[in-house]
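Overview (structure and organization)
One letter stands for each residue in the lines below.
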Amino acid sequence: MRPGAANIVQFENVGLRYGSGAETLSDLSFGLAAGAFYFLTGPSGAGKSSLLRLIYLAQRPSRGLIRMFGEDVVTLPRARMPGFRRRIGTVFQDFRLIPHLSAYENIALPLRVNGVAEADIDTPVREMLEWVGLSGRAYARPATLSGGEQQRVAIARAVIGRPEILVADEPTGNVDPDMAGRLLYLFEALNKLGTTILVATHDLHLIPRVHHAQTIRLDNGRLDNGRLDNGRLEAAPR
Ligand SMILES: Nc1ncnc2c1ncn2[C@@H]1O[C@H](COP(=O)(O)OP(=O)(O)OP(=O)(O)O)[C@@H](O)[C@H]1O
């Protein structure tokens, strides 16, 4: 098998420059194995959010090669982007829920956008509400929910379309430590079902809580732990 072929994400010599300044990300070569759980850490400004944006296809790199699901996404035609994005779930620190929609309608949104028939929406939305422990809050608007409740709605919305990879940018940044543990538990449960998970976090206490997680550390836009962390993060082929 070609090296890296089983990886869901593969970076080869990727660099990202905003405008005409210095590179924000440099020489990134690594692969994320399908079904694995990764934490992305590093100091403020190291480039974590930028790296995630490349993976959820909100940004194209300035140089290098990125393959997702076995295909080159740097040269992907725009028309194919929505199909790829559906395979990638995203969760953010600030939840990004639609304020005038209920929890139920926020979770249903990806299905509606993807043209799922109305008759096929209620059951999966109720299953997701139950999974995140919010069946009793289905019709609450985001402003009336706590931070932890809002983040659980956001996670349900991110995964209702069964993405192959879930990318979360500081998902526990606005919740208390107990809730952070509960959110992590949801990520672990998803990971057990086969979803690849990538969580960027400042919260180093979270990392040992997922025993099988691997850590990717960025510093100043480069992989700080070389190309490999504890021998398992697969290096890109040279
Ligand atoms: N859209 C942008 N335009 C210009 N510069 C940007 C843009 N987004 C990020 N940067 C710069 O890129 C660098 C890395 O930012 P990024 O947000 O990726 O880091 P981070 O590790 O996620 O930081 P934090 O932990 O503080 O969120 C910073 O110097 C930031 O100012």
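Structure's up top.
Description of the structure in this document. (Residues numbered from 1 in each chain as written. Predicted model: local features only at pLDDT ≥ 70, side-chain atom pairs only at ≥ 80, totals over all residues. Heavy atoms only, no water.)

Think of it this way: side chains of opposite charge can pair up when their charged atoms draw near. All told, the structure shown has 12 salt bridges when counted by the stated rule. For Arg217, the salt bridge goes to Asp219, with nearest N and O atoms at 4.0 Å. What you see here is one network of salt bridges that share partners, running through Glu23, Asp27, Arg63 and Arg222. (Salt bridge = Lys/Arg side-chain N within 4 Å of Asp/Glu carboxyl O.)

With that settled, the discussion passes to helix α5 (residues 147–159). In a regular helix each residue adds 1.5 Å, so 13 residues correspond to 18 Å; α5 covers 18 Å between its end C-alpha atoms and thus fits that length. Across the 13 residues that make up α5, a large majority, 12, are buried. Among the residues making up α5, those that are buried are Gly148, Glu149, Gln150, Gln151, Arg152, Val153, Ala154, Ile155, Ala156, Arg157, Ala158 and Val159. At its buried positions, α5 is contacted by β6 (88–92), α3 (103–113), α4 (122–131), β7 (165–169) and α6 (177–192). (Helix = DSSP H or I, 4+ residues; strand = E, 2+ residues; numbered from the N terminus. Expected span 1.5 Å × (residues − 1). Buried < 20%, exposed > 50% of the residue type's maximum accessible area, 1.4 Å probe, protein only. Contact = heavy atoms within 4.5 Å.)

With that out of the way, let us pick up the sheet that holds strand β9 (residues 214–219). Strand order in the open sheet formed by six strands is β6-β7-β8-β3-β9-β10, with mixed pairing between adjacent strands. Of all strands in the sheet, those bounded by a partner on one side alone are β6 and β10 (222–223). Of the strand pairs in this sheet, strand β3 (residues 37–41) and β9 are connected by four bridges, and their pairing is parallel. Considered in β9, the bridge of Phe39 is made with Thr215. In the packing of α6 onto the sheet, the strands contacted are β3, β7 and β8 (196–200), and the crossing angle to β3 comes to about 135 degrees. (Pairing = 2+ DSSP bridges. Axes fitted to C-alpha atoms, helices over the stretch in contact; angles between N-to-C directions.)

Tallied over the entire structure, the rule returns five aromatic pairs. Judged by centre distance (5.9 Å) and plane angle (20 degrees), the rings of Tyr104 and Tyr139 are stacked. Of this pair, Tyr104 sits in helix α3 while Tyr139 sits in the loop between α4 and α5, and the two are 35 residues apart along the sequence. Owing to a relative accessible area of 8%, Tyr104 belongs among the buried residues under this scheme. Between the NZ or CZ atom of Arg87 and the centre of the ring of Phe69, over which it lies, the distance is 4.0 Å. The residue whose ring lies beneath Arg96 is Phe92, and the NZ or CZ to ring-centre distance is 3.8 Å. (Phe/Tyr/Trp six-rings, centres within 6.5 Å; stacked < 30°, edge-to-face > 60°. Lys NZ or Arg CZ within 6 Å of the ring centre and 35° of its normal.)

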